[in-house]
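# Structure at a glance
If you want the building blocks of each chain, they are given just below.
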Amino acid sequence: MARIEDIAKKLNISKGTVSKALNGAPDVSETLRKSVLETAVELGYSRSMRKRGAKKLCLFIENMGYSAPSDFGYDIVIGFRKAAEPAGFEVCCVPLDAQTQKNYPYDEYMLQHNYTAAFFLGLSLADVWLHQLQTSHTPAVLLDNYIRANPFTCYVGVDNNEGMDLAVAYLKNMGHRKIGFLSGGLGSYINQIRYRAFFHALRKNDLPDDHTLAGSDYFFSECLQKHLPSLLHQKATAIICAHDLLAHTLIIRCRELGLRVPDDLSIVGFDDLPLCDYTSPPLTTIRQDRTQLGKSAFYALSSLLNSVPISTLLLHAQLVVRQSTGTAPGKVPVLQVR
């Protein structure tokens, strides 16, 4: 890995000047500072390689609420801080937007702000930094996003294949033979993963897996308008949703159509948001332990900082059965022998 001395030699300046530029000293011009940052990135310099470098971690958040206990990201942030701060790290939460990504390359941003490593929540497949992370040298952990072949990155999340199989197997045991799937837009990695996991679970459980049993759209209202009539026409007796909020919207739509949940249609969500206890009826869902996800992200980041190239860390999923699911119309549930 490059050292300050290597940057100084490349630019023919002193080590002290390089150090001041990296730390944002006011007596270094913006032009020289940018040149130092660009050269540092080019040579592979990283603050994580400094034995006495700053211990600041950046938690980038985009497309996700995290400030209130009802927000999906709230417990993840709490879990990350619970693991990182006792280990001596300062955690800075930074809302991420397209303009920041346009103005600052990822590695340069991290050097400029004295961050050792990063944890990303909510990146989309179209994000500029997601592409830069394919070749970056600053350690990064991503929730529900996977970067191939870069030993400085790690993907953390829940085992979506396991979660979807738990849901499909449960519904099959309750007599359901035609199960549908609804999702937000497939422009996110996690929606793509859950889409594939659904069909994998159908095949594993010897159930019909026609592609018309799944529908997706960026807007929940459009998703239901386009795809719910088709699923009902195909006589689906249960629908799994990729997100709890979509499942909640589906419950409301069923009530408007005069459908009884779960008597006419069973509904399963994914994530186990706090609202699941308060929907009408309460929502059966796949739980992600979000506090543990946050802690796991720090453990993965700690591994990367210690040159252990961990690729993926997945938590076990858990099926939480509530009142939005029941026996398929006219069917008797299969009793499980334990």
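As shown above, the structure is provided for reference.
Attention here is on the structure that accompanies the text.

So, how was this worked out
Residues numbered from 1 in each chain as written. Predicted model: local features only at pLDDT ≥ 70, side-chain atom pairs only at ≥ 80, totals over all residues. Heavy atoms only, no water. Helix = DSSP H or I, 4+ residues; strand = E, 2+ residues; numbered from the N terminus. Contact = heavy atoms within 4.5 Å. Areas by Shrake-Rupley, 256 points an atom, 1.4 Å probe, with all protein chains shown as cover. Buried < 20%, exposed > 50% of the residue type's maximum accessible area, 1.4 Å probe, protein only. Pairing = 2+ DSSP bridges. Right-handed = clockwise from strand over helix to strand, strands pointing away. Core = buried A, V, L, I, M, F, W, Y, C linked by side-chain atoms within 4.5 Å.

Along its length, the protein chain carries twelve helices and twelve strands. Oriented by its inertia axes, the alpha-carbon framework of the protein chain measures out at about 80 × 40 × 35 Å. Long-range contacts, defined as pairs at least 24 residues apart, comprise 69% of the intrachain contacts of the protein chain with a sequence gap of at least 6. Here the protein chain has roughly 15,800 Å² of accessible surface; of this, 52% comes from carbon and sulfur atoms.

To continue, consider the pairing of strand S1 (residues 56–61). Among the six residues that make up S1, five are buried, leaving the element largely enclosed by the rest of the structure. By the bridge criterion, six bridges tie S1 to strand S2 (residues 90–95) in an arrangement that is parallel. Opposite Cys-58, over in S2, you have Cys-92 as the bridge partner. Of the crossover connections in this fold, the one passing from S1 over helix H4 (residues 72–84) to the parallel S2 is right-handed. As defined by bridge partners, S1 adjoins strand S3 (residues 117–121) across five bridges and the pair is classed as parallel. The residue of S3 that forms the bridge with Phe-60 is Phe-120.

Further remarks concern the nonpolar core. Counting 29 residues, the largest nonpolar core has Phe-80, Phe-119, Leu-121, Val-141, Leu-143 and Val-156 as the members making the most contacts within it. For this core, the elements supplying multiple residues, two or more each, are S1, H4, S3, strand S4 (140–143), strand S5 (153–158), helix H12 (290–305) and strand S11 (312–315). Broken down by element, this core gets its largest block of residues, seven residues, from H12. When sequence neighbours within four positions are dropped, the list of residues in contact with Phe-119 reads Cys-58, Leu-59, Phe-60, Ile-76, Phe-80, Val-141, Leu-142, Leu-143, Val-156 and Ala-297. Among the nonpolar cores identified, the runner-up in size contains 23 residues, and Leu-171, Phe-199, Ile-240 and Ile-286 belong to it.

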